[in-house]
Amino acid sequence: MRRIYLYLILVFSFVTGFILIQSDEYFEIMRSIELFGSTYKEIVSNYVDDVSPRNLMKRGINGMLEGLDPFSNFFDETEKGEIDLLTTGKYGGIGILIDSKGGELVVMEVMPGYAAQRQGIKVGDIILSIDDEDVTPQNINKLTFKVRGQPGTEVKLKIKRPNENKILEFHLIREEIKVQNISLANFVDEESGIYYIKLDRFSKRVSEEFFEKIKEAKSSGKLKTVILDLRSNPGGLLQAAIELLEFFVPKGELILFTKGRSEESKQEFYSRTTPMLGDVPLAVLIDENSASASEILAGTIQDLDRGIIIGSKSFGKGLVQTVIPLPYDASLKLTTSRYYTPSGRCIQKLDYMSQIDDVIKKKSDTTKIFFTKNGRKVYGDGGVTPDTIVKHNGKPEILTELLNKGMFFKFVSEEILPDKDFNEKEINRNQLISRFIQYLERVKFSYEPSYKKSLQELIKQVEKNGNQKKLLMTLKELNEQTKFDLKSEILSQEESIYSYLVSEIANQLKNYTLQMKVLKQFDEDVKVAISLLSNKDIYNKILSIK
């Protein structure tokens, strides 16, 4: 009887303790909501200047999310297009891709069949305003997304076309745009049967697109190996990555699993179909901008020893977000679980954790060493480390400046595309470089090397000091002797500049044969992939296949 009595006391203590814990947390939630609401109301009602209730609330919500991880975001009803793009692979737009180039908002691509192409917008057009809001350096990033919106609504663009003085005005009706996940797919080495696929994102239709490309390649009877390029692919839908893995992974194999606080977040995913490319040697290219779904695919392929990973260490995003509908057409993209590759590693880098010590109660597992199916060591210290790391020399300053100011793109769109005599099948290297230098001189391309800037700053400091006249004279003489010569600077980087020019020509002309030629000739990661896929012994040795 005494034992039963003691047992009942323990049970009662446990249950009431649990209820108290739950009650304490509920009280904290209600207390915080009341404090937040009261503070918000007082600011809106009594602050010395008028404030926007909508924007103030949005800042408050974003402030809360900043106390979590970098990938949890709030979207109000005006940003619905971003959620649609993520969840459906579609959005409302006019069929153009635009980007900031040298402080200007430039049309980078015109998609066939949509409003922009039908009404005559061209690659290289410079957007001056969107819906009467002028493009400035301050708002250029915000306006990049303003061409998107609800299908059926109108957007007005003012455009300046290179080499034309007249300002063009377009009134376009937004349509439903289907995003293409694959930007390039073709044989990079037809003789060896090496098929190359560039995957830009993981949206809802990725497996359909991938299936069509592989079906076409296999029907040729030439496909022997595959290069899957995930470089600069920021990811997308978890399900899209799983569906793509099923093209390579044997049926019944564990692909990944997820864990979070709720039972719903704890899931295991297995390959459900017989793979279309089950026995095809595979190379996956990644870099520091490959994230999320890209890392799921690369990490799983590596853990199962299904292919070789080539390039540089990936970004390190192992968190899974769920899109949660909120009132008034708003949405919350909230991190609800972590994903783990078959070996059990989570590749999320934990650099953000130190900033939120006062919010997160319990730290995640920091185990670092894991093993692949064949017993190879892999690491879970943030990002996927390639099996073969390709080291790239840093870009020289002149090349970085040319890219930042969009000079390759502008040269091709303004000089090459309008030239009816230009033959992309017979590109003369010296003539192309010479023509590019002439173009840079004509548009008064300005560039000052960092050493010149540092030297001039030093001259100013010595002048201000006033005591070092001899030193000042020497510095000024040195400054004169190091005058920048554009032609010499370009020719010193001739190989790299030529590769960027030919690549830009191939991209803008949509010449797939030339694009493949550029990859095979200039892309170091692709060259390594071709070499390893062409040597079965080395390929098997990397994967510890006996």
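Residues numbered from 1 in each chain as written. Predicted model: local features only at pLDDT ≥ 70, side-chain atom pairs only at ≥ 80, totals over all residues. Heavy atoms only, no water.

### What about unusual backbone geometry?
Phase 1 of the analysis: One non-glycine residue, Asp132, lies in the positive phi region at around 65 degrees.
Phase 2 of the analysis: Mapping Asp132 onto the fold places it in the loop between β5 (126-130) and β6 (133-134).
Phase 3 of the analysis: One non-glycine residue, Asp305, lies in the positive phi region at around 55 degrees.
Phase 4 of the analysis: Residue position: Asp305 is located in the loop between α8 (293-303) and β16 (308-311). (Helix = DSSP H or I, 4+ residues; strand = E, 2+ residues; numbered from the N terminus.)

### Side note on the sheet that holds strand β10 (residues 182-189)
Phase 1 of the analysis: Judged by pairing direction, the sheet is mixed, and its six strands sit side by side in the order β10-β11-β12-β15-β16-β21 without closing on themselves. Of all the strands in the sheet, just β10 and β21 (388-389) have a single pairing partner and so form its edges.
Phase 2 of the analysis: Where β16 and β21 come together, two bridges link them in parallel fashion. By the bridge assignment for β21, Gly311 is matched with Ile389.
Phase 3 of the analysis: The strands touched by helix α6 (residues 206-219) within the sheet are β10, β11 (194-199) and β12 (225-229), with β11 carrying the most contacts at an inclination of about 160 degrees. (Pairing = 2+ DSSP bridges. Contact = heavy atoms within 4.5 Å. Axes fitted to C-alpha atoms, helices over the stretch in contact; angles between N-to-C directions.)

### Things to note about the side chain of Glu253
Phase 1 of the analysis: Residue placement: Glu253 occurs in the loop between α7 (238-245) and β13 (254-260).
Phase 2 of the analysis: Within polar-contact distance, the side chain of Glu253 engages the side chain of Lys373 at 2.8 Å. (Polar contact = N/O pair within 3.5 Å; in protein donor to acceptor, adjacent residues only side chain to side chain.)

### What to know about helix α12 (residues 450-465)
Phase 1 of the analysis: Its 16 residues give α12 an end-to-end C-alpha distance of 23 Å, which sits within 8% of 22 Å, the value for a rise of 1.5 Å per residue.
Phase 2 of the analysis: For α12, the set of buried residues is Lys452, Leu455, Ile459 and Val462. The buried residues of α12 all sit within an arc of 85 degrees when viewed along its axis, so they share a single face. Turned more than 90 degrees from where α12 packs its buried face, Lys460 and Lys464 sit exposed.
Phase 3 of the analysis: Buried residues along α12 sit in contact with α13 (469-481).
Phase 4 of the analysis: Gly466 occupies a position one or two residues after α12 and carries a positive phi of about 80 degrees. (Expected span 1.5 Å × (residues − 1). Buried < 20%, exposed > 50% of the residue type's maximum accessible area, 1.4 Å probe, protein only. Arc of directions from axis to C-beta.)

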